[in-house]
Amino acid sequence: MALIKTEKEIQLLREGGKRHAFILSEVSKAVRPGMSTLEIDEMVYRLITEHGDKPSFLGYTPEGADRPFPASTCVSVNEDIIHGIPNEEPRILKEGDIVSIDIGLIHKGMFTDSAVTVAVGKIDDASQTLLRATKEALDAGIKAAKGGNHIGDIGYAVEKVAKKYHFSLAEDLAGHGVGNKVHEDPFVPNYGDRGDGPLLKPGMVLAIEPMLNQGTGKIVLKKDGYTYRTADMKRSAHFEHTVLITEGDPVILTS
Ligand code: MG
Ligand code: MG
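This is a predicted model, so every value here is computed, not measured.

A. Quick peek at the overall build of the protein. Looking only at helices and strands, the protein features four helices and 15 strands. Against the compact-globule benchmark of 18 Å for 255 residues, the protein has a radius of gyration of 17 Å, which places it among compact chains. Along the longest, intermediate and shortest principal axes, the C-alpha atoms of the protein span 45 × 45 × 35 Å. Carbon and sulfur atoms make up 52% of the accessible area of the protein, which amounts to about 11200 Å² in all.

Written out as structure tokens, the structure is:
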């Protein structure tokens, strides 16, 4: 799969990214205590499909999985890090929870990927700091994603923010290329050294997605085969954008 997108593909990703951002913002605003993870998934499915687009996660089988993902949205509450299944054993959100909402959208054949973690009602200070730090780590990673830099520069920038706040990065989980498929090369780790790894070239499209944990970075795959949770049951947050690499500053497509 070509790593460099054509002008036509980039145009479609820009339009899909705008739609993606709107949906994520609408769903985030709707989150409140008493809502179920199933309701979030239904809302996402409706907003994606009513304008003719498709949810890319529904029916997708990632490498290593033994069945397709059964929902449109990954909804991960508190200690769940990513890939939470909202429609098999729906969780009712409680005041003080945090919930990560991760959406994949296909607009005219082109794929965008973006996630946010949202407070359910009023959350404690430690959770507020976790959300702020994870968002800041994403911003730092994006800022480092300039043409001419390397993949390692992104991870270096993400890791620096995590360390500043004394949070861990969820081990083994990383960002990735995106655009023509749900997951493409290259692998975009949330750690690294400056100047290491593949060169960032204009026209590449990456999903940058730090996942910060309050406690250990160790992760556990739950029995459903999809949901990753923290090994110590402490909370985790996740923010993600689809980003276009250019000669200068990167363009956030999902904003
Ligand atoms: Mg995602
Ligand atoms: Mg992703």
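B. Structural context of helix H4 (residues 151–164). The terminal C-alpha atoms of H4 lie 21 Å apart, and with 14 residues this matches the ideal 20 Å at 1.5 Å per residue to within 8%. Listing the buried residues of H4 in full gives Ile151, Gly152, Asp153, Ile154, Gly155, Ala157, Val158, Val161 and Ala162. In this fold, the buried residues of H4 make contact with helix H3 (125–143), strand S6 (168–169), strand S8 (184–188), strand S9 (205–208) and strand S10 (211–213). Following H4 by one or two positions, His166 adopts a phi angle in the positive range, close to 60 degrees.

C. Structural view of the coordination of the magnesium ion (ligand 2). Here the magnesium ion (ligand 2) is held by Asp113 (OD), His176 (NE2), Glu209 (OE) and Glu240 (OE), and the distances to it run 2.1 to 2.2 Å. The sequence motif formed by the donor residues of the magnesium ion (ligand 2) is D-x62-H-x32-E-x30-E. In this structure, the magnesium ion (ligand 2) lies 3.2 Å away from the magnesium ion (ligand 1), the two metals sharing Asp113 as a donor. Note that His176 is positioned in strand S7 (residues 175–177) and Glu240 in the loop between strand S13 (236–238) and strand S14 (241–244), a separation of 64 residues in sequence. Each member of the pair, His176 together with Glu240, is buried.

D. The arrangement of the environment of Gly17 in detail. Position of Gly17 relative to the elements: it lies in helix H1 (residues 7–30). The class for Gly17 is buried, based on a relative accessible area of 0%. C-alpha separation for the pair Gly17 and Thr242, spaced 225 residues apart in sequence, amounts to 7.7 Å. Among residues more than four places away in sequence, those in contact with Gly17 are Thr112, Leu253, Thr254 and Ser255.

E. Geometry of the pattern of salt bridges. In this structure the tally under the stated criterion is 16 salt bridges. Glu184 serves as the salt-bridge partner of Lys5, at 2.8 Å between the closest nitrogen and oxygen. Of this pair, Lys5 sits in the segment before H1 while Glu184 sits in strand S8, and the two are 179 residues apart along the sequence. The exposure class assigned to Lys5 is buried, which follows from its relative accessible area of 5%. Here Asp97 makes a salt bridge to Arg235, at a shortest N to O gap of 4.0 Å. On the criterion of sequence distance, the pair formed by Asp97 in the loop between strand S3 (80–82) and strand S4 (98–107) and Arg235 in the loop between strand S12 (228–230) and S13 is long-range, its members being 138 residues apart. Among the ionic contacts, a cluster of salt bridges with common partners joins Glu79, Asp80, Arg91 and Lys222.

F. Representation of the coordination of the magnesium ion (ligand 1) within the structure. Of the protein atoms, only Asp102 (OD), Asp102 (OD), Asp113 (OD) and Glu240 (OE) coordinate the magnesium ion (ligand 1), at distances of 2.0 to 2.4 Å. Here the donor residues for the magnesium ion (ligand 1) map to a single chain with the spacing D-x10-D-x126-E.

G. Highlighting the sheet that holds S13. A sheet is described by the order of its strands in space; here three strands give the open sequence S6-S10-S13, paired in antiparallel fashion. At either end of the open sheet lies a strand with only one pairing partner, and these are S6 and S13. In this sheet, S10 lies alongside S6 in antiparallel orientation, the contact comprising two bridges. Looking at S10, one finds that Leu169 is bridged to Leu212.

H. Structural context of the sheet that holds S7. The five strands lie next to each other as S8-S7-S9-S14-S15, forming an open sheet whose pairing is antiparallel. The outermost strands of the open sheet, each flanked by one partner alone, are S8 and strand S15 (251–252). Summarising the sheet, S9 and S14 pair through four bridges and their orientation is antiparallel. Its bridge partner being in S14, Ile208 is matched across the sheet by His241.

I. Region of interest: the packing of H1 against helix H2 (residues 37–49). It is at 10 Å that the axes of H1 and H2 come closest, and there the two elements cross at 150 degrees. With respect to H2, the axis of H1 lies roughly antiparallel. Considering only the axes of H1 and H2, their crossing is right-handed. Residue-level contacts link Ile23, Glu26, Val27 and Ala30 of H1 to Ile40, Met43, Val44, Leu47 and Ile48 of H2. Among the residues making up the contact of H1 with H2, the classes are represented as eight nonpolar, no polar and one charged.

Conventions we followed
Residues numbered from 1 in each chain as written. Chains lettered and ligands numbered in written order. Predicted model: local features only at pLDDT ≥ 70, side-chain atom pairs only at ≥ 80, totals over all residues. Heavy atoms only, no water. Helix = DSSP H or I, 4+ residues; strand = E, 2+ residues; numbered from the N terminus. Rg over C-alpha atoms; globule rule 2.2 N^0.38 Å. Areas by Shrake-Rupley, 256 points an atom, 1.4 Å probe, with all protein chains shown as cover. Expected span 1.5 Å × (residues − 1). Buried < 20%, exposed > 50% of the residue type's maximum accessible area, 1.4 Å probe, protein only. Contact = heavy atoms within 4.5 Å. Donors = N, O, S within 2.8 Å, 3.2 Å for Na, K, Ca; no water. Salt bridge = Lys/Arg side-chain N within 4 Å of Asp/Glu carboxyl O. Pairing = 2+ DSSP bridges. Axes fitted to C-alpha atoms, helices over the stretch in contact; angles between N-to-C directions. Parallel < 35°, antiparallel > 145°, perpendicular 65-115°, else oblique. Left-handed = near helix turned anticlockwise from the far one by under 90°. Nonpolar A, V, L, I, M, F, W, Y, C, P; charged D, E, K, R; others polar.

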